[in-house]
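# A look at the structure
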Amino acid sequence: MRVLRSAAALAVVLTVIVGVRAGFAATTYEVGASSRVFTPAHVRNWRRAKTEALVTTIWYPVNADGKVYEEPQVIGPPDGPLFLAGGAAVDAPIASAPAKFPVVMLSHGTGGSAMQLAWLGTVLARHGYIAVGLNHPGNNALEPYTAEGFVLWWERATDISDALDALLLDPTFGPHVDEARIGAAGFSIGGYTVLELAGARTDQERFLKACETDPTLHKCVVPEMKGMGDPEQMLKKVRASSAESMARGGASYRDPRVRAVFAIAPAVGQAFDADGFRDVTIPVAMVVGAADQIAPVATNAGRFLALIPNAHLAVLPGGVAHYTFLDACTDVGRAKLGVFCGDAAGVDREKVHGTVSEMAVKFFDRNLK
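Everything in this summary refers to the structure shown in the same document. (Residues numbered from 1 in each chain as written. Predicted model: local features only at pLDDT ≥ 70, side-chain atom pairs only at ≥ 80, totals over all residues. Heavy atoms only, no water.)

## Digging into the nonpolar core
One recurring pattern in soluble globular proteins: nonpolar side chains tend to sit buried together. One finds F262, F325 and F364 to be the most contacted residues of the largest nonpolar core, which totals 111 residues. For this core, the leading source of residues is helix α11 (residues 349-368), giving 8 residues. Those residues in contact with F364, other than ones at most four positions away along the chain, are V104, L124, Y129, G183, A184, A185, A260, F262 and K369. (Core = buried A, V, L, I, M, F, W, Y, C linked by side-chain atoms within 4.5 Å. Buried < 20%, exposed > 50% of the residue type's maximum accessible area, 1.4 Å probe, protein only. Helix = DSSP H or I, 4+ residues; strand = E, 2+ residues; numbered from the N terminus. Contact = heavy atoms within 4.5 Å.)

## What about the pattern of salt bridges?
Scanning the entire structure with this criterion turns up 14 salt bridges. Put simply, R126 and E70 hold a salt bridge, and the shortest N to O gap is 3.0 Å. On the criterion of sequence distance, the pair formed by R126 in helix α2 (residues 118-126) and E70 in the loop between β2 (54-62) and β3 (71-75) is long-range, its members being 56 residues apart. Looking at E70, the relative accessible area reads 26%, which means it is partly exposed. The salt bridge involving D255 is made with R257; its shortest N-O contact spans 2.8 Å. Residue classification places R257 among the partly exposed positions, given a relative accessible area of 23%. (Salt bridge = Lys/Arg side-chain N within 4 Å of Asp/Glu carboxyl O.)

## Some thoughts on the packing of aromatic side chains
How two aromatic rings sit relative to each other is set out by the distance from centre to centre and by the angle between their planes. Enumeration according to the criterion identifies 15 aromatic pairs in this entry. Taking the centre distance of 6.2 Å and the plane angle of 50° together, the rings of F187 and F325 count as tilted. Of this pair, F187 sits in strand β7 (residues 177-187) while F325 sits in the loop between β10 (311-316) and β11 (328-329), and the two are 138 residues apart along the sequence. Since its relative accessible area comes to 5%, F187 is described here as buried. Pairing F272 with F304 gives two aromatic rings, centres 5.1 Å apart and planes at 70°, and the pair type is edge-to-face. Of this pair, F272 sits in the loop between β8 (260-264) and β9 (284-289) while F304 is found in helix α9 (residues 301-307), placing the two residues 32 residues apart along the sequence. Exposure class is identical for F272 and F304. Each is buried. The rings of W153, W154, Y192, F272, F277 and F304 are connected pair by pair, giving a single aromatic cluster. (Phe/Tyr/Trp six-rings, centres within 6.5 Å; stacked < 30°, edge-to-face > 60°.)

Purely spatial values, then, with no claim about function.
This is the structure:
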């Protein structure tokens, strides 16, 4: 299932994925959710964010003993939520057995938030994982965006590593982490982030040259950047404010604690040259929609597949597009949020989430358990 070039091949992939659903393990746990604000002790790059901390959501297994109850979670105003974020028992005690659980660190898409991966985090928790999502500074929907938050992509990998450090020290969750079983999953630029954690290196100049050739390309200007100025304006500002970070953009951000990564619609493919993945030796799985116009498979996940030795790619056929991988929208969300909630006819976002989360659980079961 590595090389996908034809409609027939895509149909085969869908058949395989549907088959995975049939053999998916039964629910074992209720889902708990808790929040943390992690502030690393060392000096780090906050990308001029309003909050100089890693605001984190943790989904985790809870004993299914009838003593705790999951409640619906949403994104947006309580009286008019925009997205449905699954169900969870807030601050319920973590399950008593086993003593330790595997962990999956989660990285949201550009301009999004940790809660936008609730559809994945809750399923991972239900199947025995501690799932940890954080809001990337300067690039999350809960605070004003910054140019640095959009441009300094590689700093996202440092966010994940610092959050993992803090999780291990957390008095509630740290003692329950199996440090030998840690993975990472991310969406869009979050997919790029987890590839960085796996050892990938980027060359931003390659990306910028492509944008100079055609600044209207989706990879250069995405809907979340509205009002931020054109890429050249943003880059000029960031070069002035963040020369130190820009100088190390091509460095390795490999975190050896991460043993496997799952990238959903990974982006910025033009930033990787042929040697960009030479240090990636851990298992990598990728999934993308065939109708993705933000991170098209041919120039992103499909290209990565040819460069990563131990990688697999699934392409979901039909109208599955980039923002299909955001949480399910409410009626209010669909009325207000346009492209972020506008799935093509025939696309059931929640079914797609079910398919992909099952793939993720099986991938991590195979490579971490």
